[in-house]
Amino acid sequence: MHSIRRLLTTAAAVAAVLATALSAAPPAPAAAPTATPCASAWRAVQKVAVRRPAWNEGPVATTSSPIVRYLRKGERVWSCVVGVGRDASRYRECDGGTLWRIVPGGQVPAGCLKRA
């Protein structure tokens, strides 16, 4: 008998706490952080191919990836992300390397771009 009374008292206390918590005004949502647009401008050092990885190549382009278009020497593009090629195919143009800058339309070897 004692345990049933204790159980009912505990259930009543839990119900009271829940009712109080649910009736309280919900906290104001925190302001969402504003997304800053990409502000890194780059210029092409020479005429360079913009490549997009093929469906079976993974997320980073290679020297054998299909060419989407070309950047002219001095053309300005925006890029805030760098892809690291993990394969053995290093590009030869613009001093070589395995870093690829993500630009509108595809990817360009990072050595072929300089800050604008």
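Note: the structure precedes this text.
These lines cover the structure that appears in this document, whether it is placed above or below. Here the structure is a predicted model, which means the values were calculated and not measured. (Residues numbered from 1 in each chain as written. Predicted model: local features only at pLDDT ≥ 70, side-chain atom pairs only at ≥ 80, totals over all residues. Heavy atoms only, no water.)

Section: the packing of aromatic side chains
Each aromatic ring pair is characterised by the separation of its centres together with the angle its planes make. Here is the rule we go by: A pair of Phe, Tyr and Trp rings is counted when the ring centres sit within 6.5 Å of each other, with Trp represented by its six-membered ring. The angle between the planes then sorts it: under 30 degrees is stacked, over 60 is edge-to-face, the rest tilted. Lysine and arginine charges are scored as sitting over a ring when NZ or CZ, respectively, is within 6 Å of the ring centre and within 35 degrees of the ring normal.
Applying the stated criterion across every chain, the model contains zero aromatic pairs. Taking the ring centre of Tyr 70 as reference, the NZ or CZ of Lys 47 above it sits at 4.7 Å.

Points about the environment of Arg 86
Condition: Only DSSP runs of H or I with at least four residues qualify as helices, and only runs of E with at least two residues qualify as strands; both kinds are numbered from the N terminus onward. Type-normalised accessible area, obtained with a 1.4 Å probe on protein chains alone, sets the label of each residue: buried when under 20%, exposed when over 50%, and partly exposed for intermediate values.
Note that Arg 86 resides in the loop between strand S5 (81-84) and strand S6 (99-103). Taking the relative accessible area as the measure of exposure, Arg 86 reaches 76% and is therefore exposed. Note: C-alpha distance between Arg 86 and Leu 99 (13 residues apart in sequence) is 9.2 Å.

Overview of the nonpolar core
Stated precisely, the cut-off is as follows: Take the buried Ala, Val, Leu, Ile, Met, Phe, Trp, Tyr and Cys residues and link them wherever side-chain atoms come within 4.5 Å; each set so joined is a nonpolar core. In this analysis, two residues are considered to be in contact whenever any of their non-hydrogen atoms come within 4.5 Å of each other.
Listed in full, the eleven residues of the largest apolar core are Trp 42, Ala 44, Val 48, Val 50, Leu 71, Val 77, Cys 94, Val 103, Val 108, Cys 112 and Leu 113. Contributing elements (two or more residues each) for this core: strand S1 (41-44) and strand S2 (48-51). What Val 77 contacts, discounting residues up to four positions off in sequence, is Ser 40, Ala 41, Trp 42, Arg 69, Leu 71, Val 103 and Leu 113. By size, the runner-up hydrophobic cluster in this structure holds five residues, among which are Val 60, Ala 61, Tyr 91 and Trp 100.

Thoughts on a nonpolar patch on the surface
Going by this rule: Residues form patches when they are more than 30% accessible in relative terms and have no salt bridge. Like charges link within 9 Å. Nonpolar side chains (Val, Leu, Ile, Met, Phe, Trp, Tyr) link within 5 Å. Each accessible area is a Shrake-Rupley estimate made with a 1.4 Å probe; only the visible protein chains count as cover when residues are assessed. When a carboxyl oxygen of Asp or Glu is within 4 Å of a side-chain nitrogen of Lys or Arg, the pair counts as a salt bridge.
Taken together, the side chains of Val 82, Val 84 and Leu 99 present a nonpolar region at the surface, about 200 Å² in accessible area. By secondary structure assignment, the location of Val 82 is in strand S5.

Things to note about the state of the cysteines
Condition: Here, a disulfide means two cysteine sulfur atoms that sit within 2.5 Å of each other.
If you walk through the whole model with that rule in mind, you get one disulfide. One disulfide in the model links Cys 94 with Cys 112; its S-S distance is 2.0 Å. The sign of the 105 degrees torsion about the S-S bond sets the Cys 94-Cys 112 disulfide as right-handed. Here Cys 94 is found in the loop between S5 and S6, whereas its partner Cys 112 is found in the loop between strand S7 (106-109) and strand S8 (113-115), with 18 residues between them in sequence. Relative accessible area serves as the criterion here: at 13%, Cys 94 is assigned to the buried category. Judged by relative accessible area, which is 0%, Cys 112 ranks as buried.

Comments concerning the environment of Gly 105
Mapped onto the secondary structure, Gly 105 falls in the loop between S6 and S7. Sequence separation between Gly 105 and Val 68 is 37 residues; the distance between their C-alpha atoms is 7.1 Å. If we skip the residues at most four places from it in the chain, Gly 105 touches Val 50, Arg 52 and Val 68.

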